[in-house]
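Read off the chains here:
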Amino acid sequence: TTMLQVTDLGHTYGGDAGYTAIDDLSFTVNTGELVCIVGPSGCGKSTLLRAVSGLHRPSRGTVRLQDDPVNGVPEDLAVVFQDYSRSLFPWLTVAGNVEFPLRSRGIPAAQRKERAAEALEAVGLSAAAAKYPRQLSGGMQQRVSIARALACRPALLLMDEPFASVDAQTRAELEDLLLKVQREQDTTVLLVTHDIDESVYLAHRVLVLSTAPASVVADLPVDLPPE
Ligand code: ADP
Ligand code: ADP
């Protein structure tokens, strides 16, 4: 079944006479797929993710999540950003950070604790639950961001250059962690990166964007990496 359907999406910054970042962009993501979007820096990847996540209203076109038009930020969607250092609340513990979005979703305390513990276990951070973000390395902080997204049990997980700010070894670990949780939890993932090697390693399918205004110039199936 189709999880996400983007049709004729376009975005122009600064009104009709402004700068067109994306144009005529169409693609679908099926349930359970891990799709990478790859394109050069400045081609419109973040603009696309902001439209898909409902953070920005696109100038043209439609975004449908499980057949419903996206209008505002949907609750069954979670986003992991590149900049882990600004995405966690420094005054909350690791567990507190993971529980935070569950609070605004009105999930009762006992269930929040259970889900946070489960998500932290999935990313190998159970032992760090009571620590504060500043006590963790960058890679561990990004694991917390991933746990926080997973705890929401999103229908669709959006990731914007999630491993671009960590060192090469941590990056390889986090990539394998993502593949593991994606398989185990059958999460649908749309991940944006400028790194073609990373996209081929991770994805079931790679969408290649042109330079701005971005449109999809190739839609490539990739063989699954060996178990
Ligand atoms: P990417 O994520 O692929 O690097 P972006 O979506 O951030 O690309 O940006 C695409 C283009 O749109 C870039 O040329 C960028 O300068 C421009 N752009 C992004 N945000 C804005 C904005 N708020 N106002 C004007 N131009 C913008
Ligand atoms: P990235 O490629 O990492 O998204 P960008 O430089 O494209 O980084 O954008 C960083 C931020 O600055 C984004 O929030 C974007 O909206 C904003 N931005 C980028 N280009 C412009 C621009 N020409 N005018 C106004 N804001 C911009």
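Residues numbered from 1 in each chain as written. Chains lettered and ligands numbered in written order. Predicted model: local features only at pLDDT ≥ 70, side-chain atom pairs only at ≥ 80, totals over all residues. Heavy atoms only, no water.

Colleague: Would you explain the side chain of Thr 170 in this entry?
Modeller: Counting through the fold element by element, Thr 170 comes out in helix 6 (residues 168-185). Taking the relative accessible area as the measure of exposure, Thr 170 reaches 15% and is therefore buried. Within the local environment of Thr 170, its side chain forms a polar contact with the side chain of Asp 167, the two groups lying 2.9 Å apart. (Helix = DSSP H or I, 4+ residues; strand = E, 2+ residues; numbered from the N terminus. Buried < 20%, exposed > 50% of the residue type's maximum accessible area, 1.4 Å probe, protein only. Polar contact = N/O pair within 3.5 Å; in protein donor to acceptor, adjacent residues only side chain to side chain.)

Colleague: Even after reading the chapter, I still don't get the nonpolar core, so can you show me in this structure?
Modeller: General note: in soluble globular proteins, nonpolar side chains tend to be found buried as a group. In this structure, Val 98, Ile 146, Leu 157, Met 159, Phe 163, Leu 191 and Leu 202 are the most contacted members of the largest nonpolar core, which totals 42 residues. Those elements giving two or more residues to this core turn out to be strand 3 (34-38), strand 6 (77-80), helix 3 (94-104), helix 4 (109-122), helix 5 (138-151), strand 7 (156-160), helix 6 and strand 8 (188-193). No other element matches helix 5, which puts six residues into this core. Excluding residues within four positions of it along the chain, Ile 146 makes contact with Val 80, Val 123, Met 159, Phe 163 and Leu 174. Core analysis: the second largest hydrophobic core is formed by 26 residues, Met 3, Ala 51, Val 52 and Val 192 among them. (Core = buried A, V, L, I, M, F, W, Y, C linked by side-chain atoms within 4.5 Å. Contact = heavy atoms within 4.5 Å.)

Colleague: Teacher, can you tell me more about the pairing of strand 9 (residues 205-209) here?
Modeller: Most of strand 9 sits out of view: four of its five residues are buried. Note that strand 3 and strand 9 share four bridges and pair parallel. Bridge pairing in strand 9 places Val 38 opposite Val 208. Linkage of strand 9 to strand 10 (residues 216-221), two consecutive antiparallel strands, is achieved through a turn of six residues. (Pairing = 2+ DSSP bridges.)

Colleague: How should I be thinking about the pattern of salt bridges in this particular structure?
Modeller: Two side chains carrying opposite charge are able to pair once their charged atoms lie near each other. Under the defined criterion, the tally for this structure stands at 10 salt bridges. Put simply, Asp 23 and Arg 60 hold a salt bridge, and the shortest N to O gap is 3.5 Å. Remark: Arg 60 occurs in strand 4 (residues 60-65) and Asp 23 occurs in strand 2 (residues 19-30); sequence separation between them is 37 residues. Here Arg 153 ties to Glu 118 by a salt bridge, and the two come within 3.4 Å at their closest N and O atoms. Taken as a pair, Arg 153 in the loop between helix 5 and strand 7 and Glu 118 in helix 4 lie far apart in primary sequence, 35 residues in all. One network of salt bridges, in which partners are shared, links Arg 171, Glu 175, Asp 195 and Glu 198. (Salt bridge = Lys/Arg side-chain N within 4 Å of Asp/Glu carboxyl O.)

Colleague: Explain the site of ligand 1 to me, please; I cannot follow it from the model alone.
Modeller: Every residue near ligand 1 is listed here: Tyr 13, Tyr 19, Ala 21, Pro 40, Ser 41, Gly 42, Cys 43, Gly 44, Lys 45, Ser 46, Thr 47 and Arg 50. A distance of 2.7 Å separates an oxygen atom of ligand 1 from a polar backbone atom of Gly 42. Thr 47 is positioned such that a nitrogen or oxygen atom in its side chain is 2.5 Å from an oxygen atom of ligand 1. Look at ligand 1: alone it shows 560 Å² of surface, and the protein chains cover 60% of it. Where the shell around ligand 1 is concerned, the elements lending two or more residues are strand 2 and helix 1 (45-52). Sorting elements by how many residues they give to the shell around ligand 1 places helix 1 first, with four residues. (Near = heavy atom within 4 Å. Areas by Shrake-Rupley, 256 points an atom, 1.4 Å probe, with all protein chains shown as cover.)

Colleague: Please explain a negative patch on the surface as it appears in this structure.
Modeller: Where like charges cluster on the molecular surface, the negative patch consists of Asp 67, Asp 68, Glu 75 and Asp 76. Within the secondary structure layout, Asp 67 lies in the loop between strand 4 and strand 5 (68-69). Residue class for Asp 67 comes out exposed when judged on its relative accessible area of 57%. (Patch = residues over 30% accessible without salt bridge, like charges linked within 9 Å, V, L, I, M, F, W, Y side chains within 5 Å. Lys, Arg positive; Asp, Glu negative; His and termini not counted. Charge placed at Lys NZ, Arg CZ, Asp CG, Glu CD.)

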